[in-house]
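Reading the structure
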Amino acid sequence: MSFFSSIGQYVADSVAGLSLSPKRFSLSRQGSGDTPPPASPAPIVGAPGASAPAVHHGFPKVVPTPGTSVLANRRRTLECLAPPPGRTPRGGSLRQPRRDAAPSPGPIAPPHRPPLAFCRRRLSWPEVDQHATSGVQETDGSYFESFTALSWKQENRRLGALRAGEARAEQPPPCESALGIARKSSEMSPHEKEALYVEVLYTIANTVGAPAPGGQYGHYKEDLHLYAQRAFDMSPERHYRLLHAAGEEKPPIVVLSVAVIEADGLEAKDANGFSDPYCMLGIQPVAAPPSPQPPSPRLSEPSSEDHGPQGHDKLRKHHSFRLSFKRREGSSRREHRDSLAGQLPAKFIRATSVKPHTLCPKWSEKFRFDIDDVQSDSLHLDIWDHDDESSVLDAVSKLNEVRGVRGLGRFFKQVCQSARQGSQDDFLGCVNIPLHEIPSTGLEGWFKLDARSQRSSVQGRIRLKLWLSTREDRGTSEEDNWAEVRQQERLFAVLLAYETRSLGQNEGLPSNPGCGLSGPAATLLHQHAVQGDLSSMQLAIAHWAGAARQNLDTTLDARYMQKLLADLEKVWCGRTVSKEEEQWLAESFAIFLERSLLQIQKHRELFPALHPPSLVRLEGLLRCLNFLAQMKAFWKCCPFNKEIRGEIAVSIRKGTAEWYTRLAREGKRTCAIKLLDLSTTLLVDLQQGFTYYHPLFETTNGIPYFTVVYKQLDKMLADDVSRCLDSWEQPPPYHWAAAEGDKEPAQTLPFELYLGLQEFSALKLHLPISATDKPLSLSACHEWFTPAVERWLAITKAKALHRVRAAISLDRMCEGEFIVKHSTSSVDTAACFYQAREFWRLLAWPNQGHALQLLDALCAAALHYADLVHQRLADSGYYDIIGPFKTTDEMCVAVNNLEYVRRSLAEFGDEIKPEQIGDAERARVLDTALQQLEARAEQVLSRVAPQMESPLKKTIFHLAWSPDSLPTPQAITPLLEYLDMHLAMLNSALLPRNFTRVLAVVWAGALFELAAQVDAPVGDRPPVFHDRLAEALDILTDFFHAEGKGLAISDLHSDAYCRVEQRLQYHKTPTEKLIDLFYAYRLQDQFNTTYAPYGILSVRTYFNHDSLCVEVLSARDVLPLDPNGFSDPFVIVELLPRRVFSHCAEQQTNVHKKTLNPIFDECFEFSITLEQCLLEESMIAFTVMDHDVITANDFAGEAFLSLVHIPGVADSSSNVDNFHGLKQVDLPLMQQHDRQHPILQILDSRVMDKQAIDFVKKQKLRFATQ
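Since the model is a prediction, treat every value here as computed from it, not as a measurement.

For the protein chain, the helix and strand inventory stands at 39 helices and 18 strands. Out of the 1266 residues belonging to the protein chain, those deemed buried represent 49%. Intrachain contacts of the protein chain at a sequence separation of at least 6 include 80% that bridge at least 24 residues.

And the structure:
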């Protein structure tokens, strides 16, 4: 055989020794062949060989199989008491070693018996079939169920309202005109439209300025013509006709506006290191080279003050011109200048003021020049240092004309030479700017100064702002451009309307751009503004006014409107406007605000809460209004306008009222049903408003939307409900029929309405605290429904009693393999309580008295059910059964029904809060009913103990008097088997609480019988008699505890258990120890005694140098034991226990005749050690006796004093030489009262023990006689 074959054979043999298949390692203990046997259900424990029927997963079978023997049944177990493998069971327990465990040396172990375990219930088992019913609901028309159904009916209405809202949100919002918001057309008349179109064509034909940087406003004229034709909706014939008319108009005069702002870094020409600079500027009319001739305007390097070309329009001051649709024929300005025969008018020369002593002058002066030819003319500017006293401006004004000048620079020089009168101004630099390079947006920046020749020394730069415009010489003021401003407004409105139409419409709500108009539209507007010399302020006003007017016809995007407002506010900056412009702006603000408030008033329809695009538009509108409310321009033009925030709140309130009124008028239903549906709709609206609308209004304008809407709806709904309930004051009789057999459906409509109002009122939790200072209209709406609730309570009590009686009459037993014994009446009664409980929880009624009435009604129904169940059980002869105990279905069903109803009632009591009805009232009603139900159940179970009395007495007697050779676990087997057999059946048939009650009853009976055997007559008791009973008590305790599945340890260790355990311990204790223990109890009694009916003994004691000194001082109020009403008292002093102080004889005081308050004043000394005093049981016994001459002395009382606490022992470090300074101790005298003291009884039973008999005899003389 090879090596690998040997290894394989070794493994196969090893596996075979483990009862495992060599081919398949299975955990089955059966032999494994090639084909494993099919799995079969595990047999029930205790029924060997019996195959269990198929059961549901997780529910083991607990009912014994019919036909199995009692011995088989009593051995069924779930091994809940089986010890873990390898653990040695302690003596006296039910835990047995494993059957296959190796035998241990010593006495032969008893044969193996499966551990007894009656607690087989698992937590997953159902207890009661809650779906079982007898159809009792049909007897009263499902009265209770109809009220519980109100919750899901209310939820269905709410879901219906939500689905309706979602369906509306899927459709586009309606147009404004359908909601009553009228459109106001801004269309012009045909004549006005043609005139504006001619003006547009004229503007295109006479564009001024070069294209802006980046190609802005650089569209071709053909593109502009095509765009304008489409925007104005002009046919080709009309377009060409009007284009010809515009071409016949006289061209406008081009005007150059120059703003000389400042200069920087000029050369110092004066001796003081400064200069006195001034500027002379003019238009160079021909293309002759200047002196000097710069190739092109040069911007110096940018500085922090240079705003660039984009900011030129912020600094210029605009002038006006008027465009005429009919211009005069005549020669051009250029032709007029050519006819001057070389003469150059002096008015084309302008000079700034002189800024003395500076190299960085600041002028900020503006000049205007009419331009003949933009393409050839240039702007020339010189800077000079003023050196004489004469004014250059005067010289310029006096010089009418200078002939023969070829260049403007030389002309400036001649002017200076003519005015200086012998002195010479110093040249500081010049700038030459061709006009054709100025863009239409204007030009602003720093220009570097140039020299006249290479020999000139020039430095520095100058800041200029230049822009082009046009005008007409019509005899009006150049500043008056009001007509151009209105034209800009109308043109903007036309172009905006065209842009809106071209982007498309969505059911009357156009989607507008938020960034501005298209390029051709912007170019047209820009050229018109440039040629009309409109300021940025006028341009912003015109655009806003045009958009506001167009918004009346077609709603524009609020974001675009806010952009226009932002542009207007940006250029406002405290500037003044004309009266016409201010009034015009105020009108535009008013029409926009009015339109916006109308939209907010209809916000539910225009901006549905479940339509996200609509919410975006609503947010834009609210932000636009918030911006408008913060604009300085708005409050300047509308100083007396109301606060916009308040107007929005008013619109919300007004729109909510209109919406509510419209809903209330819809349909032709009855008042109650209409209010019910209306309250549901309002509830959904408030919830959606709080979720969607409230955050928008709160964050944008600080408006508490939910508070405004809730208060408005609260008031209106309360008024309608109050009027509707007035018609219900006298309901028809059938609404509240209380007859027991009445099957008329319950009228739930008032409660449905109340629940709707309650849910509506619950939303007030979302209100701020400040909003709830004033009571709301619906805060006390429950008072309106008080008659309905009182009527319902009265009917509910009658219906509950009827339901109980019907359930009993239709009662049938519930069948099931994994449920306890019960019947349908308990389920029907508990269901009735559950329905009432759920409805009351749903109602959340605040009145305490009504809650108490409902609790009283259900308690009455529960007690009525208990009486009927108990009466039926008594009629079956249950209480007349005589004989051994037998588990009957009648008993199990009765107690389970009572317990299930009691538990249902207790759950209802837990639902009612103590603050609703008060602890005292709740205890009076509920606790009394629960106690009566428990008493009924205990009354039924009280028959268990008497019927088990005989078997228990027999088995415990067998246990107690078994031979010593029979171990206790075997001797107790009959008792455990009897208990296991019956308790297992009860466990599978009873509810846990009932089973616990049975266990407690049986446990008490077992303890009673065991106690009877403990105190059995001595007779021929075996030596291990009490040891066996003590071990049996431990075994019984473990059996009833069942590892936590039975009785709790606290319940097992009852007073009866403690008495039995104590007596067993006393029986096993020697006489001398028992006597010491008895005196220890007496010493404890001394500590606990505060009342002294037998008098008080005063003593003093101390310990010093192995000597105990006891001083008996006096006694008072001693019992009168002689016929003369006095006593002859004396005191016996004794040290206990005697086994410790055997060498110390007792001592006594002298006898004092005929007194009840003797003064002894005697001292006794005992020779003892400190160690003896420190023993816990060491004490002094004082016995007060009445001395009699003829008869025996009478016992008057006794007292005890522990030696551990006397001076000299408690503080052994200090020395006490005498009684001086020690306090006396007053000891109340005591007498024996417990004639059945267990120690005395046990000692009395020891008839062969002289010490025990003498001690008992001595103590019997000390029993109290009064």
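On we go.
The next point concerns the packing of helix α36 (residues 1071-1088) against helix α38 (residues 1238-1245). Two numbers describe how α36 lies on α38: the axes approach to 10 Å, and their chain directions differ by 155°. In terms of axis orientation, α36 runs roughly antiparallel to α38. The handedness of the crossing between α36 and α38 comes out as left-handed. Contact residues: α36 offers Thr-1071, Leu-1074, Ile-1075, Leu-1077, Phe-1078 and Tyr-1081, while α38 offers Ile-1239, Leu-1240, Ile-1242 and Leu-1243. Here the contact of α36 with α38 is composed, by residue class, of 9 nonpolar, 1 polar and no charged.

What follows covers the sheet that holds strand β16 (residues 1179-1186). Read from one edge to the other, the open sheet built from 4 strands follows the order β14-β13-β16-β17, with strand pairing classed as antiparallel. Here the strands that pair on one side only, and so sit at the sheet edges, are β14 (1147-1148) and β17 (1194-1202). Both strand β13 (residues 1129-1136) and β14 contribute to a ladder of 2 bridges, which runs antiparallel. In the strand pairing of β14, Val-1133 is matched with Gln-1147. Here α36 sits on the sheet and contacts β13, β16 and β17; the angle it forms with β17, its principal contact strand, is near 85°.

Another aspect to go through is unusual backbone geometry. Going from Leu-1136 to Pro-1137, the amide bond is cis rather than trans, its omega being 0°. Mapped onto the fold, Pro-1137 is located in the loop between β13 and β14. With a phi angle near 50°, Ala-1042 is a residue other than glycine that sits in the positive phi range. Examined against the element boundaries, Ala-1042 turns out to sit in the loop between α33 (1025-1041) and α34 (1049-1052). Phi at Glu-1043 is positive, roughly 55°, even though this residue is not glycine. Looking at the secondary structure, you find Glu-1043 in the loop between α33 and α34.

A few words now on the sheet that holds strand β6 (residues 378-385). In spatial order, the strands read β4-β2-β6-β8; together these 4 strands make up an open sheet with antiparallel pairing. Looking at strand neighbours, the two that pair on one side only are β4 (349-351) and β8 (426-434), the edges of this open sheet. On average, each strand axis in the sheet is tilted by 20° relative to the strand beside it, whichever way the strands run. When β6 meets β8, the two strands line up antiparallel, connected through 8 bridges. Bridge pairing links Ser-378 to Pro-434 in β8.

What follows is about the packing of aromatic side chains. All chains considered together, the criterion is met by 33 aromatic pairs. Ring plane angle 45° and centroid distance 5.8 Å describe the contact between Trp-544 and Phe-589, whose orientation is recorded as tilted. Here Trp-544, found in helix α13 (residues 536-553), pairs with Phe-589, found in helix α15 (residues 579-601); they are 45 residues apart in sequence, far enough to count as distant. The two residues Trp-544 and Phe-589 agree in class, both being buried. Relative to Trp-961, the ring of Phe-957 lies with its centre 6.1 Å away and its plane at 40°, an arrangement referred to as tilted. Three or more aromatic residues link up through ring pairs in this structure, and these residues are Tyr-143, Phe-144, Phe-147, Phe-751, Trp-792, Phe-839 and Trp-840. Of note, Arg-461 hangs over the ring of Trp-446, and the distance from its end group to the ring centre comes to 4.1 Å. One cation-aromatic arrangement involves Arg-604 over Trp-659; the distance from NZ or CZ to the ring centre is 4.5 Å.

Turning to the nonpolar core, a few remarks are in order. Membership of the largest hydrophobic core comes to 208 residues, with the highest contact counts inside it found for Trp-544, Phe-589, Phe-697, Leu-979, Leu-983 and Phe-1040. Sequence-distant contacts of Phe-697, that is, excluding residues within four places in its chain, are made with Ile-600, Leu-618, Leu-622, Ile-648, Ile-652, Gly-702, Ile-703 and Tyr-705. Val-1110, Leu-1135, Phe-1182 and Val-1209 belong to the second largest nonpolar core, which has 33 residues in total.

It is worth spelling out the environment of Ile-644 at this point. Mapped onto the elements of the fold, Ile-644 is located in helix α19 (residues 644-665). Residue classification places Ile-644 among the buried positions, given a relative accessible area of 1%. Taking the C-alpha atoms as reference, Ile-644 lies 9.1 Å from Asn-701; in sequence the two are 57 residues apart. Apart from residues no more than four positions distant in its own chain, Ile-644 is found in contact with Leu-593, Leu-625, Leu-628, Ala-629 and Phe-634.

Another point: the side chain of Ser-651. Take Ser-651: it is sitting in helix α19. Discounting chain neighbours no more than four positions away, the residues touching Ser-651 are Leu-597, Ile-600 and Gln-601.

Overall, the coordinates contain 0 disulfides when judged by the stated rule. Looking at the unpaired Cys-1163, the closest cysteine sulfur is the one in Cys-1109, lying at 5.1 Å. Cys-1163 sits in the partly exposed class, given a relative accessible area of 46%.

Moving on to the side chain of Gln-550. Relative to the helices and strands, Gln-550 is located in helix α13. Classification of Gln-550 as buried rests on a relative accessible area of 5%. Every residue in contact with Gln-550, bar those within four places of it in the chain, is listed here: Ser-186, Ala-493, Leu-496, Ala-497 and Leu-556.

What follows covers the environment of Leu-1036. Mapped onto the elements of the fold, Leu-1036 is located in helix α33. Note on Leu-1036: relative accessible area 1%, which makes it buried. Residues Leu-1036 and Trp-1003, 33 residues apart in the sequence, show an inter-C-alpha distance of 8.7 Å.

Once that is clear, we can look at the environment of Asp-270. Tracing the sequence through the fold places Asp-270 in the loop between β1 (253-264) and β2 (277-284). Not counting the four nearest positions on each side in its chain, Asp-270 is found in contact with Ser-275, Asp-276, Asp-385 and Asp-387.

This part takes up the pattern of salt bridges. Per the stated rule, a full pass over the model turns up 47 salt bridges. Between Lys-821 and Asp-889 there is a salt bridge; the shortest N-O distance is 3.9 Å. Taken together, the residues Lys-821 in the loop between α23 (786-809) and α24 (824-843) and Asp-889 in helix α26 (residues 889-911) connect sequence positions 68 residues apart. Relative accessible area serves as the criterion here: at 29%, Lys-821 is assigned to the partly exposed category. Taking relative accessible area as the criterion, Asp-889 reaches 37% and is therefore assigned partly exposed. Residues joined in a network through salt bridges with shared partners are Glu-899, Arg-902, Glu-934, Arg-993 and Arg-997.

Let us look at helix α25 (residues 848-875). The end-to-end C-alpha distance of α25 is 41 Å, a good match for the 40 Å that 28 residues give at a rise of 1.5 Å each. A positive backbone phi angle near 85° is found at Gly-877, which sits one or two residues after α25.

Let us now look at the packing of α23 against α24. Each pair of packed helices can be described by the angle between their axes along with the distance between the axes. For the pair α23 and α24, the least separation of the axes is 8 Å and the interaxial angle reads 165°. Viewed along their axes, α23 and α24 adopt a mutual orientation that is roughly antiparallel. Note on packing geometry: the crossing formed by α23 with α24 is right-handed. Counting all contacts with α23, which are made through Val-789, Trp-792, Leu-793, Ala-800, Arg-803, Val-804, Ala-807 and Ile-808, the residues of α24 involved are Ser-825, Asp-828, Thr-829, Cys-832, Phe-839, Trp-840 and Leu-843. Taken together, the residues of the contact of α23 with α24 sort by class into 11 nonpolar, 2 polar and 2 charged.

What follows deals with α24. Taking 1.5 Å per residue as the helical rise, α24 with its 20 residues ought to reach 28 Å, and the 28 Å between its terminal C-alpha atoms agrees with that figure. Along α24, 16 of the 20 residues are buried, which leaves the element largely enclosed by surrounding structure. One or two steps after α24, the chain reaches Ala-844, where phi turns positive at roughly 50°.

Interpretation of this model should avoid reading the predicted coordinates in detail wherever pLDDT is low. For the protein chain, mean pLDDT is 79; residues scoring 70 or higher make up 77% of the total. Counted against residues more than four places away or in other chains, residues 287-347, with its pLDDT under 50, gives 157 contacts. Note that residues 730-742 has pLDDT below 50 and, in this model, 23 contacts with residues that lie over four places away or in other chains.

What counts and how
Residues numbered from 1 in each chain as written. Predicted model: local features only at pLDDT ≥ 70, side-chain atom pairs only at ≥ 80, totals over all residues. Heavy atoms only, no water. Helix = DSSP H or I, 4+ residues; strand = E, 2+ residues; numbered from the N terminus. Buried < 20%, exposed > 50% of the residue type's maximum accessible area, 1.4 Å probe, protein only. Contact = heavy atoms within 4.5 Å. Axes fitted to C-alpha atoms, helices over the stretch in contact; angles between N-to-C directions. Parallel < 35°, antiparallel > 145°, perpendicular 65-115°, else oblique. Left-handed = near helix turned anticlockwise from the far one by under 90°. Nonpolar A, V, L, I, M, F, W, Y, C, P; charged D, E, K, R; others polar. Pairing = 2+ DSSP bridges. Phe/Tyr/Trp six-rings, centres within 6.5 Å; stacked < 30°, edge-to-face > 60°. Lys NZ or Arg CZ within 6 Å of the ring centre and 35° of its normal. Core = buried A, V, L, I, M, F, W, Y, C linked by side-chain atoms within 4.5 Å. Disulfide = S-S within 2.5 Å. Salt bridge = Lys/Arg side-chain N within 4 Å of Asp/Glu carboxyl O. Expected span 1.5 Å × (residues − 1). pLDDT = per-residue confidence, 0-100.

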